[in-house]
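Examination of the molecular architecture
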Amino acid sequence: MKKTKVGIVGCGMISDTYFNASKKFNMIEVVACSDIIPSRSKAKEEAHGVPAMTNDELFAQKDIEIVLNLTPPQVHSKIAIDTLNAGKHAYSEKPFGVDIDDAAKVIALGKAKGLRVGCAPDTFLGGGQQTCRKMIDDGWIGKPLSGTAMVMGRGPEKWPQAPFFYRYGAGPMLDLGPYYVTALVNMLGPAKSVTAFTTKGFEERTIGDKVAEEYVAEGLKPFGKYKVDVTTHLAGVIEFVSGAVITMVASFDVYRHGHSPIEIYGTEGSLKVPDPNTFGGPVKVWRRGYADWVEAPLSHIYTDNSRSIGAADMAIALKNNRKHRVNGELANHVLEVMLSFDKSSKEGKRIELKTTCEIVNAES
Ligand SMILES: NC(=O)c1ccc[n+]([C@@H]2O[C@H](COP(=O)([O-])OP(=O)(O)OC[C@H]3O[C@@H](n4cnc5c(N)ncnc54)[C@H](O)[C@@H]3O)[C@@H](O)[C@H]2O)c1
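What counts, and at which threshold
Residues numbered from 1 in each chain as written. Predicted model: local features only at pLDDT ≥ 70, side-chain atom pairs only at ≥ 80, totals over all residues. Heavy atoms only, no water. Helix = DSSP H or I, 4+ residues; strand = E, 2+ residues; numbered from the N terminus. Rg over C-alpha atoms; globule rule 2.2 N^0.38 Å. Buried < 20%, exposed > 50% of the residue type's maximum accessible area, 1.4 Å probe, protein only. Contact = heavy atoms within 4.5 Å. Areas by Shrake-Rupley, 256 points an atom, 1.4 Å probe, with all protein chains shown as cover. Lys, Arg positive; Asp, Glu negative; His and termini not counted. Charge placed at Lys NZ, Arg CZ, Asp CG, Glu CD. Core = buried A, V, L, I, M, F, W, Y, C linked by side-chain atoms within 4.5 Å. Domains from an automatic or database assignment. Arc of directions from axis to C-beta. Axes fitted to C-alpha atoms, helices over the stretch in contact; angles between N-to-C directions. Parallel < 35°, antiparallel > 145°, perpendicular 65-115°, else oblique. Left-handed = near helix turned anticlockwise from the far one by under 90°. Near = heavy atom within 4 Å. Polar contact = N/O pair within 3.5 Å; in protein donor to acceptor, adjacent residues only side chain to side chain. Nonpolar A, V, L, I, M, F, W, Y, C, P; charged D, E, K, R; others polar. Pairing = 2+ DSSP bridges.

**Considering the overall build of the chain**
In terms of helices and strands, the chain carries 11 helices and 17 strands. Taken over C-alpha atoms, the radius of gyration comes to 20 Å for the chain, in line with the 21 Å a tight globule of 364 residues would show. Along the first, second and third principal axes, the C-alpha atoms of the chain reach 60 × 50 × 40 Å. By the burial criterion, 54% of the 364 residues in the chain qualify as buried. Expressed as a percentage of contacts within the chain between residues at least 6 apart in sequence, the contacts between residues at least 24 apart total 72%. Accessible area of the chain: about 16200 Å², with a carbon and sulfur share of 54%. Here the chain contributes 44 positive and 42 negative side-chain charges, whose respective centroids are spaced 2 Å apart.

Below you can see the structure in the form of structure tokens.
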């Protein structure tokens, strides 16, 4: 099969995964890269042998069909618009954007130009999540009625770019929520409404406090204190069109807890869904008559880190003239669900969602 040529915009931390993608998914080939900080794209040229250039030079490359947008969330919509205006298909890292109106413009432009729009996470194509989807579709737990999605921790102070996570466009929901909400929508279909209460436990964060001492000991530089600009504890209920009701908490304010990442409760049994920020298992099921949870064998492959599988699927979908699965409508719907947590809390009411999406199966 002729390889689809792709360009990478944004040569930061996650980019190596995508540079290496063409070794795993040989239907795509990374042929150019750019970064607003030229030394970063130059470093990737040296590491991966992929020519570094400016964004404009990359957009002007005639042979590039898909642009992988690996910039920070605040510029995702802008780079996607630039990509589409250059006549190329746009595939972004998560989240789809930080503003619902800007994200809608990306969807509209893609449609107007007849170009594809896609966005991570693609972990729902991993063996663990696909097995859960199949088990639900095959009726292992009957009709899903309710469940929980819990992504909680004390925050990413360990990371050198920790302050980023407390600024507009990040926080636990926009940073980690995409994995959880996408997994839920993949299993249960589109959502209908969100009712939530959101807050923050700490007005400022300090690396070097008791939690972070060990990290400083590891040689990481202390940042001192920095202000928290986003809500860091978001608790709410997502109502799905199917009737299922999921309780979700995304938090950077919790030291320890004992919840599974996602649990789904149906009319015939319950499902423990693995961490949707990974590709593997374990998947555990309980059905009426079982003495205890039973670990289910995984029905699908791709259980190791396969990030960029969504971009590879887009490349194949283009060749086969079918829909791609990690698509913009899904990501845009997930974004609206996530942003509706703060909106519901601020307005003190339930938010009826305006977007929806179709879940694309491999066969379609
Ligand atoms: N780091 C991870 O482990 C990880 C994992 C999954 C997803 N992501 C997502 O991937 C995206 C990038 O994350 P990262 O950790 O690599 O961030 P990063 O800050 O390390 O890298 C982003 C890069 O984009 C560049 N950039 C910014 N604006 C640009 C512009 N207008 N044009 C060209 N380049 C520009 C920056 O200079 C930087 O080099 C984010 O959306 C993040 O949520 C990151």
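**Describing the environment of Ser15**
Take Ser15: it is sitting in helix H1 (residues 15-19). Residue classification places Ser15 among the buried residues on the basis of a relative accessible area of 0%. In the structure, Ser15 is positioned 176 residues away from Ala191 in sequence and 31 Å away in space, judged by C-alpha atoms. Not counting chain neighbours up to four residues away, the residues in contact with Ser15 comprise Ile8, Gly10, Lys44 and Leu70.

**Some words on the nonpolar core**
Counting residues in hydrophobic clusters, the biggest one holds 80 residues, and the most contacted among them are Leu184, Met248, Ile264 and Leu271. Both domains that furnish three or more residues to this core are identified here as domain 1 (4-119) and domain 2 (125-301 + 335-352). Among residues more than four places away in sequence, those in contact with Leu271 are Cys132, Met135, Ile136, Ile141, Ile262, Glu263, Ile264, Val283, Lys284, Val285 and Trp293. Leu58, Phe59, Ile64 and Ile79 belong to the second largest nonpolar core, which has nine residues in total.

**Remarks on helix H5 (residues 76-85)**
Within an α-helix, residues lying three or four positions from one another point in the same direction, as the helix has 3.6 residues per turn. Those residues of H5 that fall on the buried side of the exposure criterion are His76, Ser77, Ile79, Ala80, Thr83 and Leu84. Buried residues of H5 fall within an arc of 165 degrees about the axis and therefore sit on the same side. On its buried side, H5 packs onto strand E1 (4-9), helix H4 (55-59), strand E4 (66-69), strand E5 (89-92), helix H6 (100-113) and strand E6 (117-119). One or two residues past the end of H5 sits Gly87, with phi positive at roughly 85 degrees.

**A few points about the packing of H5 against H6**
Axis separation between H5 and H6 bottoms out at 9 Å; the angle between their running directions is 10 degrees. The orientation of H5 with respect to H6, classified from their angle, is roughly parallel. At the point where H5 passes H6, the crossing takes the left-handed sense. Residues Ser77, Ala80, Ile81, Leu84 and Asn85 of H5 form the contact with H6, whose participating residues are Asp102, Ala103, Lys105, Val106, Leu109, Gly110 and Lys113.

**Thoughts on the site of the ligand**
Around the ligand, a shell composed of 23 residues is seen, among which Met13, Ile14, Asp35, Arg40 and Lys94 lie nearest. Between a nitrogen atom of the ligand and a main-chain N or O atom of Ile36, the distance comes to 3.1 Å. Take Thr71: an N or O atom from its main chain is 3.4 Å from an oxygen atom of the ligand. Protein contact buries 83% of the 820 Å² of open area that the ligand shows by itself. Per-class residue counts for the shell around the ligand are 13 nonpolar, five polar and five charged.

**Considerations on the pairing of strand E15 (residues 283-287)**
Where strand E14 (residues 269-273) meets E15, four bridges bridge the pair, whose relative direction is antiparallel. Each bridged residue has a counterpart across the sheet, and for Gly269 the counterpart in E15 is Arg287. Here E15 runs beside strand E16 (residues 294-296); their pairing, made up of three bridges, is antiparallel. Its bridge partner lying in E16, Lys284 is registered against Glu295.

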